[in-house]
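# Summary of structural features
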Amino acid sequence: MTKTILLLPGDGIGPEVVAEAQRVAEAVAPDLVFEEGLVGGIAYDTEGDAISAATLARAKASDAVLLGAVGGPQWAGNPRDKRPEMGLLRLRKELDVFANLRPAYCFAPLVGASSLKPELIEGLDLMFVRELTSGVYFGEPRGIGTDASGERFGYETSRYTASEVARVARVAFEIARGRSGRVASAEKSNVMESGLFWRQEVTALHEAEGEGVELSHILADACAMELVRAPKQFDVILCGNLFGDILSDAAAMLTGSIGMLPSASLGAAGAPGLYEPVHGSAPDIAGQGIANPCATILSLAMALRWSLDMAAQADRLKLAVGRALEQGARTRDLGGEMTTRQMGDAILAAL
Ligand code: IPM
Ligand code: MG
């Protein structure tokens, strides 16, 4: 059966890195069918919205969506619902991809590229499971208002339901069972009601169906500290939307460059997954052809594994990226000189 992948290159360096991922996909999975659509600022400029209803429908009808990046300074003044980021948030919500998997593993040849000492990150392999479709990102009410005294204020709501916590914790447990079995759940249960609730619900789920899983709880601030002090103590880190956003960026740098980090966002079994690099649109280097395509290519590998039923091809692709790095392939973020295209060529050659 042919599988369809919808490419949403988006803004900034998005189109550059997605183009390389497409070349690699054509080589590794020649039967894949590609479609392309608009998301983010480019969609706003072209279609008047950060993602159109038609694009959302095509995303739902595909087997997987590969997204580049959204956002840029030219749209920073857009009204909230027309901001490029809203295209991405709506896509996540509509696809109901509640479990965001962000692996942070260190390719051996990149041990020296991290800002941390090599012995701290050698062999690092951790997995964030970030809740992606609820929490403070989506909670209502929210807004910017003016109180009775005329002072302006901004606020939002951090809200999680029991089923929202349970379904993402279940994914974390499942993934941990295929690894070391250890899950650290990070929240701020010391100050946030939603954090205390998160801890209670994760604990309850663990008691009910946590067989084979060793669960620990950690405050999100302490988790940030431990991630840069001794990152290898962690295996699977489970967290809500906002803490997952922040902690996964920190973890990204452990691996040498945020240009190396892929992600998969999964919903119900059989529903299309959304795959995107963790880095953003990087407007400062957009259009120069120097962005690192590895995170997008590794996101494609995750799509092959989780949505397209091509685990063998996913393994080959990850090995090819490792091989290219071993042979010295480096974009600028990794301390090299290669262009985006040359990095793609190096990975294709390694394939
Ligand atoms: C990410 C990004 C997004 C987020 C932005 C672009 C909306 O930072 O995927 O980590 O905050 O989730
Ligand atoms: Mg982020």
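Here the structure is shown first, and the text comes after it.
Here's a quick rundown of the structure. (Residues numbered from 1 in each chain as written. Chains lettered and ligands numbered in written order. Predicted model: local features only at pLDDT ≥ 70, side-chain atom pairs only at ≥ 80, totals over all residues. Heavy atoms only, no water.)

## Topic: the packing of aromatic side chains
Using the criterion set out here, one finds 3 aromatic pairs in the structure. Between Tyr105 and Phe107, the aromatic rings sit 5.2 Å apart at their centres with planes inclined by 70°, giving edge-to-face as the arrangement. The exposure class of Phe107 is buried, given its relative accessible area of 9%. Note on Tyr160 and Trp198: the rings are 5.1 Å apart at their centroids and 65° apart in plane angle, and the pair reads as edge-to-face. With Tyr160 in the loop between strand 7 (152-155) and helix 6 (162-177) and Trp198 in helix 7 (residues 193-209), the pair connects residues that are 38 residues apart, well separated along the chain. Each member of the pair, Tyr160 as well as Trp198, carries the same accessibility label: buried. (Phe/Tyr/Trp six-rings, centres within 6.5 Å; stacked < 30°, edge-to-face > 60°. Buried < 20%, exposed > 50% of the residue type's maximum accessible area, 1.4 Å probe, protein only. Helix = DSSP H or I, 4+ residues; strand = E, 2+ residues; numbered from the N terminus.)

## Description of the nonpolar core
One finds Leu101, Val129 and Ile347 to be the most contacted residues of the largest nonpolar core, which totals 63 residues. Setting aside residues no more than four positions away along its own chain, Leu101 makes contact with Met127, Phe128, Val129, Val171, Ile175, Pro262, Ser263, Ala264, Leu266, Met302 and Trp306. Listed in part, the 22 residues of the second largest apolar core include Phe128, Cys223, Phe234 and Leu261. (Core = buried A, V, L, I, M, F, W, Y, C linked by side-chain atoms within 4.5 Å. Contact = heavy atoms within 4.5 Å.)

## Topic: the site of ligand 1
Taken together, Glu85, Arg92, Arg102, Arg130, Tyr137 and Asp245 make up the full set of residues adjacent to ligand 1. A distance of 2.5 Å separates an oxygen atom of ligand 1 from a polar side-chain atom of Tyr137. The contact in question runs from an oxygen atom of ligand 1 to an N or O atom on the side chain of Asp245, over 2.8 Å. In the complex, 77% of the free accessible area of ligand 1, which totals 320 Å², lies under the protein chains. For the shell around ligand 1, the residue count by class is 1 nonpolar, no polar and 5 charged. (Near = heavy atom within 4 Å. Polar contact = N/O pair within 3.5 Å; in protein donor to acceptor, adjacent residues only side chain to side chain. Areas by Shrake-Rupley, 256 points an atom, 1.4 Å probe, with all protein chains shown as cover. Nonpolar A, V, L, I, M, F, W, Y, C, P; charged D, E, K, R; others polar.)

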